[in-house]
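Structure at a glance
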Amino acid sequence: SQQGEEDPQALSIQEGENATMNCSYKTSINNLQWYRQNSGRGLVHLILIRSNEREKHSGRLRVTLDTSKKSSSLLITASRAADTASYFCAMINAGNNRKLIWGLGTSLAVNP
Amino acid sequence: ETGVTQTPRHLVMGMTNKKSLKCEQHLGHNAMYWYKQSAKKPLELMFVYSLEERVENNSVPSRFSPECPNSSHLFLHLHTLQPEDSALYLCASSQEGPAIGTEAFFGQGTRLTVV
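Before going into details, it helps to say that this report is about the structure given with it. These figures come from a predicted structure and were not determined experimentally.

With 23 residues, the main nonpolar core has Leu 32, Trp 34, Leu 74, Ile 76, Tyr 87, Met 91 and Leu 108 of chain A as its most contacted residues. Mapped by element, the contributors of at least two residues to this core are strand E3 (19–24), strand E4 (29–37), strand E5 (43–50), strand E7 (61–66), strand E8 (71–76), strand E9 (85–93) and strand E11 (106–111) of chain A. Among the elements that take part in this core, E9 of chain A stands out by supplying four residues, more than any other. Not counting the four nearest positions on each side in its chain, Leu 74 of chain A is found in contact with Ala 19, Thr 20, Met 21, Trp 34, Leu 46, Leu 61, Arg 62, Val 63 and Tyr 87 of chain A. Val 4, Met 13, Leu 21 and Met 32 of chain B belong to the second-largest nonpolar core, a separate cluster that totals 22 residues.

Let us now look at the sheet that holds E8 of chain A. Residues and elements named next belong to chain A. Across the sheet, five strands lie side by side as E1-E3-E8-E7-E6; this open sheet has antiparallel pairing. Lying at the two open borders of the sheet, with one neighbouring strand each, are strand E1 (5–7) and strand E6 (55–58). For this sheet, the mean angle separating the axes of adjacent strands, direction not counted, is 15 degrees. Here three bridges tie E1 to E3, and the two strands are oriented antiparallel to one another.

A few words now on the state of the cysteines. Applying the stated criterion to the full structure yields two disulfides over all chains. Disulfide pairing places Cys 23 of chain A opposite Cys 89 of chain A at an S-S distance of 2.0 Å. Of note, the bridge from Cys 23 of chain A to Cys 89 of chain A carries an S-S torsion of about 70 degrees and is right-handed in sense. Of this pair, Cys 23 of chain A sits in strand E3 while Cys 89 of chain A sits in strand E9, and the two are 66 residues apart along the sequence. Cys 89 of chain A carries the same exposure label as Cys 23 of chain A, and that label is buried. Covalent S-S linkage joins Cys 23 of chain B and Cys 91 of chain B, the inter-sulfur distance amounting to 1.9 Å. The sign of the S-S torsion, about -75 degrees, decides the handedness of the disulfide formed by Cys 23 of chain B and Cys 91 of chain B: left-handed.

Rules used throughout
- Residue numbers restart at each chain and count upward from 1, following the sequence in its written direction.
- All chains are assigned letters beginning at A, and all ligands numbers beginning at 1, according to the order in which they are written.
- Selection of residues for local features in this predicted model requires a pLDDT of at least 70, selection of side-chain atom pairs for listing and counting requires 80 or more, and totals for whole chains, interfaces and linings are taken over all residues.
- Heavy atoms from the whole structure form the basis of all side-chain values; hydrogens and water molecules are not counted.
- Throughout, nonpolar core names a set of buried Ala, Val, Leu, Ile, Met, Phe, Trp, Tyr and Cys residues whose side chains join them through atoms within 4.5 Å.
- A 1.4 Å probe rolled over the protein chains alone gives each residue an accessible area, and that area as a share of the maximum for its type sets the label: buried under 20%, exposed over 50%, partly exposed in between.
- Only runs of H or I of at least four residues qualify as helices and only runs of E of at least two qualify as strands under DSSP, and these elements are numbered from the N terminus.
- For this analysis, residues touch if any pair of their heavy atoms sits within 4.5 Å.
- Each pair of strands is called paired provided DSSP finds at least two bridges between the two strands.
- What counts as an axis is a line fitted to C-alpha atoms, over the stretch in contact for a helix, and the angles between N-to-C directions run from 0 to 180 degrees.
- The disulfide criterion is simple: two cysteine sulfur atoms within 2.5 Å.

Purely geometric stuff here, so don't read any function into it on its own.
See below:
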């Protein structure tokens, strides 16, 4: 299967704690993106990291990419109840036949 | 709001009905996409249009028929659907086509229920 795999599938934390989600993939990639989806709504792009980058920050978000291990992680620091959502990784495979491959997502619940 | 608008937000249709989903983007993007999202499955890419030309059709049944009359509008025409077609249908757009890998902007989705 070409799909990305995310773990954990579900994560429940208290407000103020950090949340870490991981994404693994099987092919060589061009870039990797993280998206957030609130229940039953569209996806919102969070951050894009290119294959030659190792770490990227955006506000309370920190994304790392390890191409040797074919994995990425998304860290949300000082979580808030409003961060409750599903988080998806998506990656563009390298090569001529480029496709956007999606993970199954991690469902994050941040409890007040 | 992301600049991508989908209508309707909810749709219930019988298996013999014909309906259409509409998507409109105001971002000046060149590529538009239809995705299907079902529970416990990865997002499924259905169709891709780049500069109004269909560039990808991922073995989608013919009961789903896309239409892209211009770069701002995308339709998904539905007829004789099955209950397993019930899902959240998401429209997205991006500045460049999928091969470039730029970020995608999604609409809020249409929750489709086939009865």
